[in-house]
Amino acid sequence: MDRHVIAPLDIGQTAPDFELPDNSQTARRLSDLRGVAVVIAFHPREWDPARAEQVELYKSAAASVDGMAQIALVALSNDDPTAAAYGVTNLSAVFGVDQSGIVRWRHTSLGGAAGSRDPRSWSRREFVTAVLGAAFALAFCPTLDDGVAHAAPRSRAAGVGEARPVRLNINGHDTTLHLEPRVTLLDALREYAGLTGTKKGCDHGQCGACTVHVDGKRVLSCLTFAVMQQGKPIVSIEGLAASAGASGDALHPVQQAFIKHDGFQCGYCTPGQIMSASAMLNEPWGVSDDDVREAMSGNICRCGAYPGIVAAIQEARRGQTQ
Amino acid sequence: MISFDYVAADDLDAAARAGTASTARFVAGGTTLIDLMKLDVERPTLLIDLNSLTRRDPSMSTITDLPGGGLRLGALARMGDVAWDERVRRAFPFVSQSLLLAASGQLRNVATIGGNVLQRTRCPYFRDTAAPCNKREPGSGCSALHGFNRTHAILGTSSSCIATHPSDLAVALVALDATVRVRGARKNERTIPFTAFHVLPGSQPSRETILQHGEVITAIDLPPLGFAKRSVYLKVRDRASYAFALASAAVALDIDGGRIREARVALGGVGTKPWRSTEAERVLRGRAPNDATYRAAAEAALAGARPQKDNAFKISLAKRTLVRALTEVAA
């Protein structure tokens, strides 16, 4: 399994100095920017979401909010010594550095599944969200001492109900999230690990939209706490194809079949349907359409795409037994 | 959800000791508890995770053979694992069926046997902290008595509570005379007949079982019962799947020489606890297995039923459910 050790710079540490890229105003080094809050984004070289248009998008968004306009954005490649100094070589990452040069916020990519998606990859959405999040944190929470994602274990023991390091294996990667015990696995995936493919529908175990695999079995991520899932392999829709041995951008056979048979309309229940179906095919159900409907009854589709869903699952089953 | 502390138990006795704290709760599958915590119906300040007990004692989550053909279901065995187990399906079909007709595939992979029999009612007023409910808040009154009570109980009700017990598995277990194995905080162990495990609401509906706070269910024993091979769990609900029972029946018949030698009958979806009907069993015993016998048994089973404003239909529904289950099992 592709183990990916994430050791980014801790919150509270001094941001290592570096030479600013040419496009960064008049200052030449980070240390020249003391007194100014800075958002530093690391991204793969030649990576689309970090290109100029995203930087422009950030600037226009920041300019529209009081208090954010002065926060500088520095975009850097993740393959040079500066990235190494920040502990994010080959990762996508965003750091919020305050006026005195201390890291106050950070967010790093967890990436996709081992062997399939490049772990460096970061969606456009995540990039913009992370950068704006960092800027907001710097502008409005100047004393914030805690990151949203990937905060390191704190030395003192966690008190009642306080956040603590929770070590999870998600899509083949070991990662440590800083979570309160009351954070569900669903919220850990979506809000802390940045994996928004898993959907929150009812949040009460009645709709199936949040289905993921734990230990190879389909479970509802809304009805379990992340802290209870340490030490078990967790697979979300982002890592499904790779978990079945697909490489590159290849889809899981169930994903492929959902496309072919139009197994969705709005798509909101689809990740849960696909996660449920892909695990259900390994359970000892019969092979009739009625068996599929019964086995899939925990996944509700308000659009009513059921005929396509059943057809897709049956096709995936036939492919599996060939 | 309020903030709480979390510990993963690695020792049964330590877990039981910690569990005696009034605001501590054990968590296994968590599918009921976490749901109720999100609703603020449950507000524990300490969660004791029992799942880690299997590291020291793997039998907590497995199914083991008992002498004479019985089976011991570890309390941490998952509903799905028990439902699909070949021994359970062969010797106790209604146990397997009750599990497969309950919840969804995802929930069955997580929810445990011990937790299943302790699950709380689906009464909407119990789940709504804005509504008075004697079960949730003793003395506050019962909103269901004069509210919308279509899904509520018709057997075992009181003026304090008419909530149904939601478990399907428990209906099969009460018919089977299963036994609950329990360990307490002082390392004391005891076994509880399943028929005595759940209690009627009476004037104290907040108390649902005879478990003491801090006692941990370690296993549920299915006793050898030869004719349980001929058993059925039939569940009737508002939709074909993934819904709680409006009425259900767990039945087993021992038919010999055109006579019913022995019978087990229990009803679900209609009682404030898993409802064993010894009245129906008495009617069945010694009679020919035919429609008239089944109808007489159904009349006996529902003789004490007391309908509410919206659920009188459950009396005839439960009777028909029982007749059909008996017909199927005898076929």
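Residues numbered from 1 in each chain as written. Chains lettered and ligands numbered in written order. Predicted model: local features only at pLDDT ≥ 70, side-chain atom pairs only at ≥ 80, totals over all residues.

In this section: the overall build of chain A. Scanning chain A from terminus to terminus reveals 9 helices and 9 strands. In chain A, buried positions account for 48% of the 322 residues. For chain A, long-range pairs separated by at least 24 residues make up 66% of all intrachain contacts whose partners lie at least 6 apart in sequence. (Helix = DSSP H or I, 4+ residues; strand = E, 2+ residues; numbered from the N terminus. Buried ≥ 20, exposed ≤ 12 C-beta atoms within 10 Å, placed from the backbone. Contact = placed C-beta atoms within 7 Å.)

Turning our eyes to something else, we now look at the interface of chain A and chain B. Each partner contributes residues to the interface: chain A has 27 residues there, and chain B has 22 residues. Of all the secondary-structure elements, those providing two or more residues to the side of chain A that touches chain B are strand 8 (217-220), helix 7 (270-280) and helix 8 (289-295) of chain A. The dominant element in the side of chain A that touches chain B, judged by the number of residues it contributes, is strand 8 of chain A, at 4 residues.

Right, let's talk about the sheet that holds strand 6 (residues 173-179) of chain A for a bit. Residues and elements named next belong to chain A. Taken in spatial order, the 5 strands of this open sheet run 6-5-9-7-8, and their pairing is mixed. The two strands at the open ends of the sheet, each matched to only one other strand, are strand 6 and strand 8. For this sheet, the mean inter-axis angle between neighbouring strands, taken without regard to orientation, is 45°. Across the sheet, helix 7 lies against strand 7 (211-214) and strand 8, angled at about 40° from strand 7, the strand it touches most. (Pairing = 2+ DSSP bridges. Axes fitted to C-alpha atoms, helices over the stretch in contact; angles between N-to-C directions.)

Across the sheet, 4 strands lie side by side as 9-10-11-12 (chain B); this open sheet has antiparallel pairing. Of all the strands in the sheet, the pair left with one neighbour each is strand 9 (231-236) and strand 12 (275-276) of chain B.

Glancing now at the nonpolar core. By size, the foremost hydrophobic cluster in this structure holds 158 residues, and its most contacted members are Ala188 of chain A together with Leu50, Ala172, Leu173, Val251, Ala297 and Leu322 of chain B. Looking at which element gives the most residues to this core, the answer is helix 9 (residues 169-176) of chain B, with 8 residues. Among all residues touching Ala188 of chain A, those that are not within four sequence positions of it are Leu168, Leu177, Leu179, Val183, Ala193 and Ala226 of chain A. (Core = buried A, V, L, I, M, F, W, Y, C linked by C-beta atoms within 7 Å.)

All names here are of chain A. Averaged over chain A, the pLDDT score is 83; the fraction of residues at 70 or greater is 84%. This stretch, residues 1-5, has a pLDDT under 50; its non-local contacts, to residues over four places away or in other chains, come to 8 contacts. Segment residues 111-117: pLDDT under 50, and 32 contacts once partners within four positions in sequence are set aside and those in other chains are kept. (pLDDT = per-residue confidence, 0-100.)

All names here are of chain B. As defined by bridge partners, strand 2 (residues 24-27) adjoins strand 3 (residues 46-49) across 4 bridges and the pair is classed as parallel. Residue Phe26 lies in a different strand from strand 3, and its bridge partner there is Ile48. You can see the chain leave strand 2, run along helix 2 (residues 33-38) and come back into strand 3, and the turn it takes is right-handed. (Right-handed = clockwise from strand over helix to strand, strands pointing away.)

Below, the discussion takes up helix 4 (residues 185-192) of chain A. The buried fraction of helix 4 of chain A amounts to 6 of the 8 residues, a majority that puts the element mostly inside the structure. Buried residues along helix 4 of chain A sit against strand 5 (164-170) and strand 6 of chain A.

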